[in-house]
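Per-entry structural report
The chain contents come next:
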Amino acid sequence: MIALPAALTLHTVRVSPVVDPSVANPSPYGYSVSLLLFIIPILVIVFWFVPLNGVKISKKSFLWTIGVLVPLGWALDFFFARKFFLFPNPGATLRITGPALGGGVPIEEYVFYFTGFVAVLLIYIWLDEYWLAAYSIPIDSATRTGFVRLLRFHPQSLFWAVVLIAAAVFYRWQFVPVPGFPGYFTFLVVGAIAPSAALLRSAMPVINWRAFSLTLLVMLLISLLWEATLGVPYGWWNFQDSQMIGIRITAWSRLPIEEVCVWIAVTYATVIVYEIVRRWQSSGKKALHAFLG
């Protein structure tokens, strides 16, 4: 209802409102301060809403999920940051360099992915356990604890991964005159579809889909506000054209279409992994028995 008319409207824009970051540092420490968009919601949910609403968070499930997924975001920074991204405005950061192949990246990048995954997970838990608790599967329900094994192949996920990557490669080859490969989009698809292909069949019965949908909406709103109005136009970060599909949204400071997809992928993977870990923890089975039967 919203995406189609918005896409058509955005397509009418021909001039990008990008600010020249070399002119008098237009946003000093902007990237560093903007991390509060994740940090403050995390603190408010943990120290106010969770105690106030009596929400119980399974610490083991929470820590296992973060422990599995945060390294994926950090791997993106360490192995691919210099391949996929640009950081043209160092004045927007603390100028502390984090490790990465091919040269360092702002330390804010590592904080960004850590707090992003934590924020996604906490928002989902809060919605699942309180606001949309009527649609949550109880922790001791037979639907959650009764399973033979958690690792179950989901062929549709693999099919759609192949379709999405093939479509991106085809578009790049057919419509973008400069040679390149949609490496960033491929990474996002693999990062989202890998847990989906292995775990979605076991996760589907216990996911609170209403909580997932609202979490996804919140994360999309935050990320698009962040990227389109601040991050890209003020040069906090940008993207290597040779590693993108080639579709950029001019009205949003030429934001690549991949950045609309990134938090969809993050939210999708986070919820699947979290609910699988909760099933494992609820069953009381050892990890090998739970996952392989």
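Residues numbered from 1 in each chain as written. Predicted model: local features only at pLDDT ≥ 70, side-chain atom pairs only at ≥ 80, totals over all residues. Heavy atoms only, no water.

**Some words on a nonpolar patch on the surface**
A cluster of nonpolar side chains, namely Y29, V33, L36, I40, L94 and I96, defines an oily patch on the protein surface of about 560 Å² accessible area. By the element assignment, I40 lies in helix 3 (residues 36–53). (Patch = residues over 30% accessible without salt bridge, like charges linked within 9 Å, V, L, I, M, F, W, Y side chains within 5 Å. Areas by Shrake-Rupley, 256 points an atom, 1.4 Å probe, with all protein chains shown as cover. Salt bridge = Lys/Arg side-chain N within 4 Å of Asp/Glu carboxyl O. Helix = DSSP H or I, 4+ residues; strand = E, 2+ residues; numbered from the N terminus.)

**Notes on the nonpolar core**
One finds F85 and Y184 to be the most contacted residues of the largest nonpolar core, which totals 68 residues. Broken down by secondary-structure element, the contributors of at least two residues to this core are helix 3, helix 4 (59–84), helix 5 (107–131), helix 8 (183–203), helix 9 (209–231), helix 10 (258–283) and helix 11 (287–292). Sort the elements by how many residues they give to this core and helix 5 lands first, with 14 residues. Not counting residues up to four positions away in its chain, the partners in contact with F85 are L76, F80, E109, Y113, Y184, N238, F239 and Q240. If you look at the next biggest cluster of nonpolar residues, it comprises 8 residues, including A161, I165, A168 and I245. (Core = buried A, V, L, I, M, F, W, Y, C linked by side-chain atoms within 4.5 Å. Buried < 20%, exposed > 50% of the residue type's maximum accessible area, 1.4 Å probe, protein only. Contact = heavy atoms within 4.5 Å.)

**Some points on empty space enclosed by the protein**
Applying the stated rule across the entire model yields 2 cavities of 30 Å³ or more. When residues of the lining of the largest cavity are traced back to their parent elements, those giving at least two are helix 4, helix 5, helix 8 and helix 10. For the lining of the largest cavity, the class distribution of residues is 11 nonpolar, 2 polar and no charged. Taken together, F85, F87, E109, F112, Y113, Y184, E227, W237, F239, E259, V262 and W263 form the lining of the second largest cavity. For the lining of the second largest cavity, the secondary-structure elements that each account for two or more residues are helix 5 and helix 10. (1 Å grid on protein atoms, 1.4 Å probe; cavity = no way out; pocket = protein on both sides within 12 Å on 5 of 7 lines; lining within 4 Å. Points joined across faces, edges and corners; volume = space filled by probe spheres on them. Nonpolar A, V, L, I, M, F, W, Y, C, P; charged D, E, K, R; others polar.)

**Re the packing of helix 5 against helix 10**
Each pair of packed helices can be summarised by the angle the axes make with each other and by the distance between the axes. Running from amino to carboxyl end, helix 5 crosses helix 10 at an angle of 60 degrees, the nearest separation of the two axes being 10 Å. The orientation of helix 5 relative to helix 10 falls into the category oblique. At the point where helix 5 passes helix 10, the crossing takes the right-handed sense. Contacts between helix 5 and helix 10 involve F112, G116, F117, V120, L121, Y124, I125, D128 and E129 from the first element and W263, V266, T267, T270, V271, Y274, E275 and R278 from the second. Considering only residue class, the contact of helix 5 with helix 10 consists of 10 nonpolar, 3 polar and 4 charged. (Axes fitted to C-alpha atoms, helices over the stretch in contact; angles between N-to-C directions. Parallel < 35°, antiparallel > 145°, perpendicular 65-115°, else oblique. Left-handed = near helix turned anticlockwise from the far one by under 90°.)

**Quick notes on the pattern of salt bridges**
Where charged atoms of side chains with opposite charge meet at close range, the side chains can pair. Throughout the structure, instances matching the rule amount to 5 salt bridges. The residue D128 makes a salt bridge to R278 at a minimum N-O spacing of 3.4 Å. In this pair, D128 is assigned in helix 5 and R278 in helix 10, connecting sequence segments 150 residues apart. Summarising the burial analysis for this pair, D128 and R278 share the class buried. Classification of R278 as buried rests on a relative accessible area of 5%. The network of salt bridges with common partners includes D128, E129, R144, E275 and R278.

**Observations concerning the confidence of the model for the protein**
When pLDDT is averaged along the protein, the result is 93, and 98% of the positions lie at 70 or above. Taken element by element, the predicted model of the protein shows its lowest mean pLDDT in helix 1 (residues 3–10) (81) and its highest in helix 7 (residues 155–175) (97). (pLDDT = per-residue confidence, 0-100.)

**A closer look at the packing of aromatic side chains**
Any pair of aromatic rings gets described here by the distance separating the centres and the angle formed by the planes. One pass over the structure, following the stated rule, counts 35 aromatic pairs. Judged by centre distance (6.5 Å) and plane angle (55 degrees), the rings of F79 and F80 are tilted. Since its relative accessible area comes to 47%, F79 is described here as partly exposed. Residue class for F80 comes out partly exposed when judged on its relative accessible area of 28%. Centroid distance F112 to W226: 5.2 Å. Interplanar angle 75 degrees. Geometry classified as edge-to-face. Taken as a pair, F112 in helix 5 and W226 in helix 9 lie far apart in primary sequence, 114 residues in all. Assessed through its relative accessible area of 8%, F112 is described here as buried. On the basis of relative accessible area, W226 is assigned to the buried category, the value being 1%. (Phe/Tyr/Trp six-rings, centres within 6.5 Å; stacked < 30°, edge-to-face > 60°.)

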